[in-house]
Structure formats: C-alpha cells, structure tokens
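Close look at the chain arrangement
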Amino acid sequence: MQDAVLAMLAKEPSHGYQLHARLRRSLGPLGESMNRGQIYVTLARLERAGLVTSEREDGLPERPERKVHALTPAGQQRVAAWLAEVGWPKPDLAEFHLKLAAAAAARLADPVELVAAQRRELLRRLREAQQAALAEPAHTGSARTEPGGMAGPGAGLLLEGVMLRMRADLRWLDACERAWSRADDEAEDG
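Residues numbered from 1 in each chain as written. Predicted model: local features only at pLDDT ≥ 70, side-chain atom pairs only at ≥ 80, totals over all residues. Heavy atoms only, no water.

**Details of the overall build of the protein chain**
Looking only at helices and strands, one finds seven helices and four strands in the protein chain. Secondary structure elements in the protein chain, listed N-terminal to C-terminal, are α-α-α-β-β-α-α-α-β-β-α. Within the span of the protein chain, comprising 190 residues, buried residues form 33% of the whole. Residue pairs at least 24 apart in sequence account for 58% of intrachain contacts in the protein chain once pairs closer than 6 positions are excluded. Of the roughly 11,500 Å² that the protein chain leaves accessible, carbon and sulfur atoms contribute 53%. (Helix = DSSP H or I, 4+ residues; strand = E, 2+ residues; numbered from the N terminus. Buried < 20%, exposed > 50% of the residue type's maximum accessible area, 1.4 Å probe, protein only. Contact = heavy atoms within 4.5 Å. Areas by Shrake-Rupley, 256 points an atom, 1.4 Å probe, with all protein chains shown as cover.)

Here is the structure:
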C-alpha cells in the first residue's frame with residue numbers, strides 16, 4: 001500500500017481523500033473495502049520515514065484546513081525502485097495492478113514494459129521449477145516414506161502446483177498486456 005500511495009503522489013501532490021479516490025478507482029470492486037483512514041495512517045508513516053512532506057493548505061469557508069502531500073527525493077527514489085522490482089513467485093496481484101495504474105497515471109513507466117519485466121522473471125522461475133521437476137524421481141503410484149515417517153508423493157506434487165500457478169500468472173500477465181496495450185492505442189488515437 002505504501003508504494004502505491006507514493007506512486008500516486010509521483011503524478012502530483014494530493015490530499016488524502018484524492019489519493020483514496022484514485023486508489024479505489026484503480027482497484028475497482030476490490031477497492032470498495034478500502035478504508036479512508038488507512039490512507040491517512042499510511043501518509044503519516046511515509047512522512048515519518050522521510051518519503052513524503054505535508055503542508056497545510058488554507059481551506060475554503062465550507063472546508064476545514066487540509067494537508068497536501070508531496071514526495072521527497074527519497075520518496076521518488078523508492079517509487080523508482082518499486083517500479084523496477086519484480087515480485088514473483090508470490091505476487092500481490094492487487095499491488096501489481098496498482099503499480100501499473102500508478103506508473104501510467106504519473107507517466108513514470110510504461111505499464112506494458114512493467115508487464116514484460118514481470119513475465120521475464122516469471123518465465124525464468126518457471127524454467128527453474130521445470131528443471132527441478134525433471135530432476136525429481138518419478139512417483140510410481142506406491143506410497144513412499146518421506147523423512148519423518150510420512151507417506152506421500154514427494155516434492156514432485158509441490159513442484160507441479162508451483163508450475164500450474166506460474167502458468168496461470170503468465171496468462172494473467174497476457175491479459176494485463178492486452179488491456180494496457182489497448183489503453184495505449186486509445187490514448188494515441190484520442
């Protein structure tokens with residue numbers, strides 16, 4: 001959540017409620033349960049960490065005084081590092097989606113290139129899992145005794161699950177690439 005908030009601030013300084021609205025829009029139905037207070041707690045933590053500065057803005061008669069939050073140079077560096085990071089095999093898909101949305105909104109990076117970097121890392125890890133599966137002795141159907149006295153199919157079943165998950169993640173990345181490519185095409189046409 002912190003990195004997504006920082007990336008949203010990379011586009012422009014914002015009030016907490018603006019950040020909340022952008023994040024909810026980016027997450028669609030998954031963002032419905034996002035608590036506005038969570039944004040303010042996150043902003044306070046980021047400010048204490050020296051990644052964000054906050055300044056009071058004079059309010060209008062019908063609105064109280066409020067804070068405008070902006071990135072510090074250290075916050076900008078953290079956003080750049082977050083965008084360059086590849087997070088498989090345990091991605092948080094909502095966080096990756098926010099990374100794409102924030103990168104596009106703030107014009108920090110091309111979402112299609114971020115997807116390609118994730119795909120390259122995932123393919124590398126899939127090759128490693130496939131090599132490990134090939135090295136695993138074949139299970140003949142009879143129960144084997146594993147260390148600790150438990151019978152089971154060994155690591156082969158776990159490796160199969162890991163590979164199935166990675167293939168599903170690759171299909172999801174394909175869908176992300178198609179969606180962001182269409183968005184780029186529409187932006188160029190519009």
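**Some remarks on the packing of aromatic side chains**
Throughout the structure, instances matching the rule amount to one aromatic pair. In this structure, Lys 99 packs its charged tip against the face of Trp 82, placed 5.3 Å from the ring centre. (Phe/Tyr/Trp six-rings, centres within 6.5 Å; stacked < 30°, edge-to-face > 60°. Lys NZ or Arg CZ within 6 Å of the ring centre and 35° of its normal.)

**So, the confidence of the model for the protein chain**
Confidence along the protein chain averages 82 in pLDDT terms, with 83% of residues attaining 70 or more. When mean pLDDT is taken per element in the protein chain, helix H4 (residues 73-84) scores highest with 93 and strand E3 (residues 144-145) scores lowest with 45. Under a pLDDT of 50 for its full length, residues 139-151 has, in the predicted model, 16 contacts with residues more than four places off or in other chains. (pLDDT = per-residue confidence, 0-100.)

**A few points about a negative patch on the surface**
Taken together, Asp 185, Glu 186, Glu 188 and Asp 189 make up a surface patch of like negative charges. The exposure class of Asp 185 is partly exposed, given its relative accessible area of 44%. (Patch = residues over 30% accessible without salt bridge, like charges linked within 9 Å, V, L, I, M, F, W, Y side chains within 5 Å. Salt bridge = Lys/Arg side-chain N within 4 Å of Asp/Glu carboxyl O. Lys, Arg positive; Asp, Glu negative; His and termini not counted. Charge placed at Lys NZ, Arg CZ, Asp CG, Glu CD.)

**Points about the pattern of salt bridges**
Inspection of the entire model under this criterion finds eight salt bridges. Across the pair Asp 169 and Arg 165 runs a salt bridge whose closest N-O atoms are separated by 3.0 Å. Pair noted here: Asp 169 and Arg 165 are both in helix H7 (residues 155-189), with a separation of four residues, about one helical turn. Judged by relative accessible area, Asp 169 falls into the buried class, the value being 5%. Given the relative accessible area of 38%, Arg 165 is considered partly exposed. Each of Glu 121, Arg 124, Arg 125 and Glu 128 takes part in one network of salt bridges that share partners.

**Side note on the packing of helix H5 (residues 93-105) against helix H6 (residues 111-135)**
Packed helices, taken two at a time, are described by their axes: the angle between them and the distance between them. Relative orientation of the contacting elements H5 and H6 amounts to 145°, with a least axis distance of 9 Å. Side by side, H5 and H6 meet where Phe 96, Lys 99, Leu 100, Ala 103 and Ala 104 of the first sit next to Pro 111, Leu 114, Val 115 and Gln 118 of the second. (Axes fitted to C-alpha atoms, helices over the stretch in contact; angles between N-to-C directions.)

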